[in-house]
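Chain residues, written in single-letter form:
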Amino acid sequence: GEVLLYKDATGELSEIAKLDVYHKTLNTPGVNAEEGLMGLQKDPNFEQNRWVYMYYAPTGDKWVNRLSRFKFENDALDMASEQVILEVDSQREICCHTGGSIAFGPKGLLYLSTGDNSTPFDEEGAKYVNRGYAPLNDLPGKQQYDARRSSGNTNDLRGKILRIKVNEDGSYDIPEGNLFPVGMEKTRPEIYTMGHRNPYRISVDMKRGYLYWGDVGPDAGADSLMTRGPRGYDEMNQARGPGNFGWPLFIGDNFAYRDYDYGTGVHGEPFDPERPINDSENNTGLRELPPAQPAYMYYPYADIQDFPQVGSGGRNAMAGPTYWSELFANGGGLPAYYDGKVIIYEWMRGWMMAVHLFEDGSFNKVEPFASDIKVNSLIDMELGPDGRLYLLEYGSGWFSANSDSSLGYVEFNGGNRPPVIDGLLVDADSGSLPLTVTATVEAHDREGDAITYLWDMGDGTTKETTDPKVTHEYTTKGDYTLRVTAKDAQGEEVQSTPQGIVVGNNRPQVKIAIQQANASFYVPGKPIDYTVTVNDPDGEVNEDNVYVSVEYRTGMDAANTNLGHQQVAASVTGKALTQSLDCKACHKEKDASIGPSYRAISKKYKGQQRAVDYVMTKIVNGGSGVWGEVTMPAHPTVTEDEARQMALYIQSLSGDDTRKPTLPMSGSVTPEASQGGKTLLLTASYTDEGVEGTMPLTGSNTVVLKSNTLSFPEETEVEGMQPVAFNGMDLLLVTAPHGWWRIPEIDMTGVSAVVVTVGWQAPPSAGYTFEVREGTPTGTLLGTGEMPTTSAGQPAGMAMIPIAQPTEKVEGLYILFKANGVADVPVAIINATFN
């Protein structure tokens with residue numbers, strides 16, 4: 001229920017409200033309640049009336065999702081100003097599908113999407129279940145498994161897109177042209193479109209009035225046309241007027257499901273899209289529904305010939321805005337080429353596309369949009385008042401605080417583009433006098449122009465080269481900032497991030513030695529002995545300044561974990577750094593000076609999730625306007641690790657310091673069983689006392705050991721599979737009857753077996769055979785195994801693969817899979833354990 005405000009002028013991010021919301025089941029374990037704060041939108045006349053709309057699940061005994069609006073004044077939401085506009089009944093203690101997207105269209109009409117509030121999973125212990133097909137179970141007490149009670153019910157607001165006109169007092173009227181007229185028996189007049197599963201993001205064309213949404217589809221991986229119906233599809237939809245879009249009786253191009261008796265397992269005839277009949281015992285609306293309308297674009301887990309551009313893998317269809325340059329005073333942020341085109345996107349697959357329409361508004365074709373921009377689970381897209389296309393990225397992991405989540409925007413450059421700097425490397429960032437540094441910049445020009453490099457060495461020396469490498473000797477003690485500007489033949493240029501150089505002080509060297517046979521894995525419960533040694537070329541080592549910690553992280557690999565001492569004892573290192581820099585000229589620990597005290601800063605941001613990152617940014621970049629008009633200087637020579645230590649020290653002054661005390665320099669750590677599947681990082685850090693005229697320097701080292709239970713981050717190399725993040729886990733979704741995944745550079749010393757764990761929403765009808773091979777998918781066979789069948793005739797969900805040929809370090813390990821029959825439902829590889 002948290003509402004955040006980002007102020008572009010200051011870069012400040014703050015919490016401005018926190019609604020008391022239902023967001024987890026109270027009595028039913030193991031269920032992900034997807035409610036909470038689900039929708040947020042400003043009024044079309046926001047500048048005049050200051051109304052902000054929210055769709056949320058209030059706590060309490062009343063099971064509803066509520067559409068309300070609140071006044072936003074002076075950077076705060078007035079919670080007492082709430083006007084409750086509309087409530088939608090919602091069955092709780094179950095999962096899933098909430099919708100919750102709010103959009104405004106022409107004439108100020110408000111559109112609200114709602115999900116089917118139905119359970120897509122199979123009922124445990126039941127003989128006849130959904131198996132990823134349409135949920136049509138109307139047996140007594142099984143309402144949550146019947147979407148005909150919601151999406152297919154003309155007298156229910158769930159599984160719909162509603163359209164209303166909100167009045168000044170918070171009441172609403174029904175506009176002309178909704179699906180059912182006011183007063184019609186067994187209908188709700190608020191309904192504009194029905195037959196939706198989870199229309200998670202919607203938008204309205206502000207010129208044509210067309211409504212767009214992506215509908216997240218069911219999970220069946222194969223057609224069962226003679227018994228149940230079609231496999232699962234996600235849909236991209238358009239409504240040029242009111243209508244029924246079919247769910248749960250139809251999917252995709254009006255592919256029809258069959259009626260099904262969950263008491264006997266007997267199937268009926270396919271539903272008729274021209275005359276859909278809802279004969280569910282849970283239906284309180286009309287029996288005969290409006291004719292079903294097909295989606296204009298639809299796709300399953302696998303490739304689809306009709307829409308090859310969408311690819312394969314996980315699915316989560318999302319609908320963005322329709323662009324019109326004339327609606328913006330400056331022509332907007334995109335070229336007029338995109339006028340009238342609809343921007344759609346895919347949360348799971350990471351693409352954005354532009355939809356072309358014929359003159360009558362019907363679907364013409366689709367093409368990639370900004371395909372060179374990598375997005376990390378794009379969850380929302382909005383056009384700002386300046387015509388910029390803003391992107392909200394959820395990040396790569398579900399139900400977690402993702403470091404790759406972000407708010408950004410797309411900026412169009414229709415002319416010559418400046419070069420791109422991919423990285424700046426120096427062979428030494430510290431050392432004794434004189435210090436010779438060789439810097440190398442990695443850059444490219446997108447038009448292929450020649451690049452000139454303008455070097456600023458930070459000591460008053462500048463150099464111009466056509467070579468991306470330069471060597472320079474520093475002869476005076478101090479802290480310097482090295483930068484390079486890359487300029488193309490047309491004069492467009494870009495500047496690198498600054499690189500700090502400390503002359504006159506050497507960075508301490510930290511080493512960690514561990515004693516265990518396997519260099520890749522740890523085994524939960526098995527101790528790891530270690531020894532830390534420190535060498536400081538400029539003085540005696542003060543062991544009080546050594547900090548040793550162990551932590552566990554998800555979704556990491558060895559190439560990405562040398563992040564240093566993120567948990568360094570701030571009382572030792574962060575305080576020393578603040579006192580050695582010019583920070584002490586503006587800040588004191590307890591009392592105000594030119595700038596605020598460190599204690600005041602810590603209190604201002606206490607408890608905020610992003611406090612450390614925000615303070616780090618201010619330390620490195622400087623700033624003004626938060627505490628007054630005096631500009632605080634930037635510190636570009638401070639590294640990310642050092643800025644983090646300083647921020648942690650400042651944070652600790654409010655008592656908001658949860659770091660653990662240091663481990664000894666020599667000792668033993670026992671990996672926790674509860675951390676199985678995560679990467680273990682044993683980190684040692686040392687900050688020296690500094691040398692007169694230079695800042696203290698920190699050296700660190702990290703030993704990375706993967707759990708013997710491996711999950712699968714996004715960058716996992718695969719064939720016939722798709723890496724996905726779900727429920728906080730990194731999985732491999734199987735999208736083909738056979739394929740493989742690769743584990744790079746792994747130590748197999750002592751490994752006698754690999755255990756593969758498989759999961760599903762409905763048990764597949766076929767088991768799987770697995771092979772472990774070295775080097776390539778056709779390399780040396782190390783072992784093979786089967787996923788056996790249980791006494792109930794279903795796959796067991798686990799395969800044991802004995803390793804017959806002992807080996808040591810392997811540069812690439814391939815695990816192959818093959819379905820032993822028709823793979824009728826999607827399965828996922830949850831993890832692989834090396835024993």
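Residues numbered from 1 in each chain as written. Predicted model: local features only at pLDDT ≥ 70, side-chain atom pairs only at ≥ 80, totals over all residues. Heavy atoms only, no water.

Trainee: Which parts of the structure should I look at to understand the overall build of the protein?
Mentor: Scanning the protein from terminus to terminus reveals 5 helices and 54 strands. For the protein, with 835 residues in total, the buried portion stands at 54%. The contacts of the protein with a sequence gap of at least 6 include a subset with a gap of at least 24, amounting to 63%. A total accessible area of about 36800 Å² is found for the protein, and carbon and sulfur atoms account for 48% of it. (Helix = DSSP H or I, 4+ residues; strand = E, 2+ residues; numbered from the N terminus. Buried < 20%, exposed > 50% of the residue type's maximum accessible area, 1.4 Å probe, protein only. Contact = heavy atoms within 4.5 Å. Areas by Shrake-Rupley, 256 points an atom, 1.4 Å probe, with all protein chains shown as cover.)

Trainee: Which parts of the structure should I look at to understand helix α4 (residues 611-621)?
Mentor: Structural remark: α-helix, 3.6 residues per turn; residues separated by three or four positions point the same way. Within α4, the full set of buried residues consists of Ala611, Val612, Tyr614, Val615, Met616 and Ile619. Phi turns positive one or two residues past the end of α4, at Gly622, with a value near 70°.

Trainee: What am I meant to see in the sheet that holds strand β40 (residues 546-553) here?
Mentor: In a beta sheet, neighbouring strands pair by backbone hydrogen bonds and run either parallel or antiparallel. Across the sheet, 4 strands lie side by side as β38-β43-β42-β40; this open sheet has mixed pairing. Two strands in the sheet have a free side with no partner beyond their single neighbour: β38 (521-522) and β40. Bridge analysis of β40 against strand β42 (residues 679-687) gives 8 bridges, and the strand direction is antiparallel. Looking at the pairing, Tyr547 lines up with Ser685 of β42. (Pairing = 2+ DSSP bridges.)

Trainee: Just checking my understanding: could you explain the sheet that holds strand β4 (residues 51-56) for this structure?
Mentor: The strand order β3-β4-β5-β6 describes an open sheet built from 4 strands, whose pairing is antiparallel. The two strands at the open ends of the sheet, each matched to only one other strand, are β3 (37-42) and β6 (76-89). Neighbouring strand axes in the sheet, compared pairwise and without regard to direction, differ in orientation by 20° on average. Here 5 bridges tie β3 to β4, and the two strands are oriented antiparallel to one another. (Axes fitted to C-alpha atoms, helices over the stretch in contact; angles between N-to-C directions.)

Trainee: I'm lost on the confidence of the model for the protein in this one. Help?
Mentor: Regions with low pLDDT carry predicted coordinates that are not meant to be interpreted in detail. The pLDDT averaged across the protein works out to 88; a share of 90% of its residues lies at or above 70. Counted against residues more than four places away or in other chains, residues 556-571, with its pLDDT under 50, gives 45 contacts. (pLDDT = per-residue confidence, 0-100.)

Trainee: Looking at this model, I keep getting lost on the pattern of salt bridges. Mind explaining?
Mentor: Between side chains of opposite charge, pairing is possible as soon as their charged atoms come close. Per the counting criterion, the structure on display carries 23 salt bridges. Among the salt bridges present, the one from Arg50 reaches Glu47, with a minimum N-O distance of 3.8 Å. Owing to a relative accessible area of 60%, Glu47 belongs among the exposed residues under this scheme. A salt bridge links Glu326 to Lys207, with the shortest nitrogen-to-oxygen separation between them at 3.3 Å. One end of the pair, Glu326, is in the loop between β21 (317-322) and β22 (342-346); the other, Lys207, is in the loop between β12 (199-204) and β13 (211-215), and 119 residues separate them in sequence. (Salt bridge = Lys/Arg side-chain N within 4 Å of Asp/Glu carboxyl O.)

Trainee: Explain the state of the cysteines to me, please; I cannot follow it from the model alone.
Mentor: Should the sulfur atoms of two cysteines be covalently bonded, the bond is a disulfide. Under the defined criterion, the tally for this structure stands at 1 disulfide. With a sulfur-sulfur separation of 1.5 Å, Cys95 is cross-linked through a disulfide to Cys96. Sign of the S-S torsion, about 85° for the bond between Cys95 and Cys96, identifies this disulfide as right-handed. The exposure class of Cys95 is buried, given its relative accessible area of 8%. (Disulfide = S-S within 2.5 Å.)

Trainee: What's the story with the pairing of strand β36 (residues 499-503) in this structure? I'm lost.
Mentor: Consecutive residues of a regular strand have side chains that alternate between opposite faces of the sheet. Across the 5 residues that make up β36, a large majority, 5, are buried. Side chains of β36 alternate between two faces, with Gln499, Ile501 and Val503 and Gly500 and Val502 buried alike. Pairing between strand β29 (residues 430-431) and β36: 2 bridges, direction parallel. Considered in β36, the bridge of Ser430 is made with Val502. Bridge count for strand β34 (residues 478-488) against β36 is 5 bridges, and the pairing is antiparallel. Along β36, the bridge assignment pairs Asp479 with Val502.

Trainee: Hey, could you run me through the environment of Glu492 in this one?
Mentor: Structurally, the position occupied by Glu492 is in the loop between β34 and β35 (493-495). In sequence terms Glu492 and Pro419 are 73 residues apart; their C-alpha atoms lie 7.3 Å from each other. Aside from chain neighbours lying at most four places away, what touches Glu492 is Asn416, Arg417, Pro418, Pro419, Ala486 and Lys487.

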